Amino acid sequence: AAAAAAAAAAAARGGETRRGRGAIMSEFWSKTKSGLASAADVSKRAALRTKANGELEMLKRKLAKLKHDFGAEVFPFYESDKTKADAIYHSYRMRVEEVVAQIAHKQDEISHLHKKHAKGQQGGDQVRSQPSQVSQADHQDPVAPNPLGSPSMSEI
């Protein structure tokens, strides 16, 4: 009779029994762990995007410095020694092309991270991020115009 009374009381509470509460708590903890793992993944991807954006900005500054150094080095020879100026141009061209390739690689990496982020958004992630703004100048000839009459980087 006592067991029947306990079952009736459990039914009155919505059917919960000790075993039912355990299942509910297990499901709760399972969802909590899943949510925390998802949040950790979102945080990791956000950190990777932030790091990649910082590296991209450093590469852009490196490119700007190379261009500045090129101008400062070639200027004294521009009118007096075209051969020397042309040699300086070619030495800088290789370095500039290397940095431009690194910038393109980093932009691809960032784009890939944003695509992963977009897939995560469809899955319910709550973190939002703005893609980095890439200027048109980043895709143009790195040392243009070339006053020496040598082929420009885009012609090579």
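### Overview of the overall build of the protein chain
Across its full length, the protein chain holds 3 helices and 0 strands. Reading the secondary structure of the protein chain in the N-to-C direction produces α-α-α. Considering only contacts within the protein chain whose residues lie at least 6 apart along the sequence, 70% involve residues at least 24 apart. Split by element, the accessible area of the protein chain, about 10,900 Å² in all, is 59% carbon and sulfur.

### Thoughts on the pattern of salt bridges
Side chains that differ in sign of charge can pair as their charged atoms come close. Across all of its chains, the model carries 8 salt bridges by this definition. Glutamate 27 is the salt-bridge partner of lysine 31, the closest N and O atoms lying 3.2 Å from each other. Highlighted residues: lysine 31 and glutamate 27, both in helix α2 (residues 18-78), separated by 4 residues, approximately one helical turn. On the accessibility criterion, glutamate 27 (45% relative accessible area) is partly exposed. Across the pair glutamate 55 and lysine 51 runs a salt bridge whose closest N-O atoms are separated by 3.9 Å. With glutamate 55 and lysine 51 both in helix α2, this residue pair falls 4 residues apart, about one helical turn. Assessed through its relative accessible area of 26%, glutamate 55 is described here as partly exposed. Using a relative accessible area of 52% as the deciding quantity, one classes lysine 51 as exposed. A network of salt bridges, in which partner residues are shared, links Lys51, Glu55, Lys106 and Glu109.

### Regarding the environment of glutamate 109
Looking at the element boundaries, glutamate 109 is found in helix α3 (residues 82-122). Looking at glutamate 109, the relative accessible area reads 30%, which means it is partly exposed. Sequence spacing of glutamate 109 and asparagine 53 is 56 residues, and the spatial spacing of their C-alpha atoms is 9.5 Å.

### Some thoughts on the nonpolar core
Note that soluble globular proteins tend to have their nonpolar side chains buried in a common cluster. Formed by 16 residues in total, the largest nonpolar core has its most connected members in Phe70 and Ile103. Broken down by secondary-structure element, the contributors of at least two residues to this core are α2 and α3. It is α3 that provides the largest number of residues to this core, a total of 9 residues.

### Thoughts on the confidence of the model for the protein chain
Averaged over the protein chain, the pLDDT score is 75; the fraction of residues at 70 or greater is 62%. When mean pLDDT is taken per element in the protein chain, α3 scores highest with 88 and helix α1 (residues 2-12) scores lowest with 60. Note on residues 145-156: pLDDT under 50 across the span, and 25 contacts to partners over four residues away in sequence or across chains.

Criteria and thresholds
Residues numbered from 1 in each chain as written. Predicted model: local features only at pLDDT ≥ 70, side-chain atom pairs only at ≥ 80, totals over all residues. Heavy atoms only, no water. Helix = DSSP H or I, 4+ residues; strand = E, 2+ residues; numbered from the N terminus. Contact = heavy atoms within 4.5 Å. Areas by Shrake-Rupley, 256 points an atom, 1.4 Å probe, with all protein chains shown as cover. Salt bridge = Lys/Arg side-chain N within 4 Å of Asp/Glu carboxyl O. Buried < 20%, exposed > 50% of the residue type's maximum accessible area, 1.4 Å probe, protein only. Core = buried A, V, L, I, M, F, W, Y, C linked by side-chain atoms within 4.5 Å. pLDDT = per-residue confidence, 0-100.

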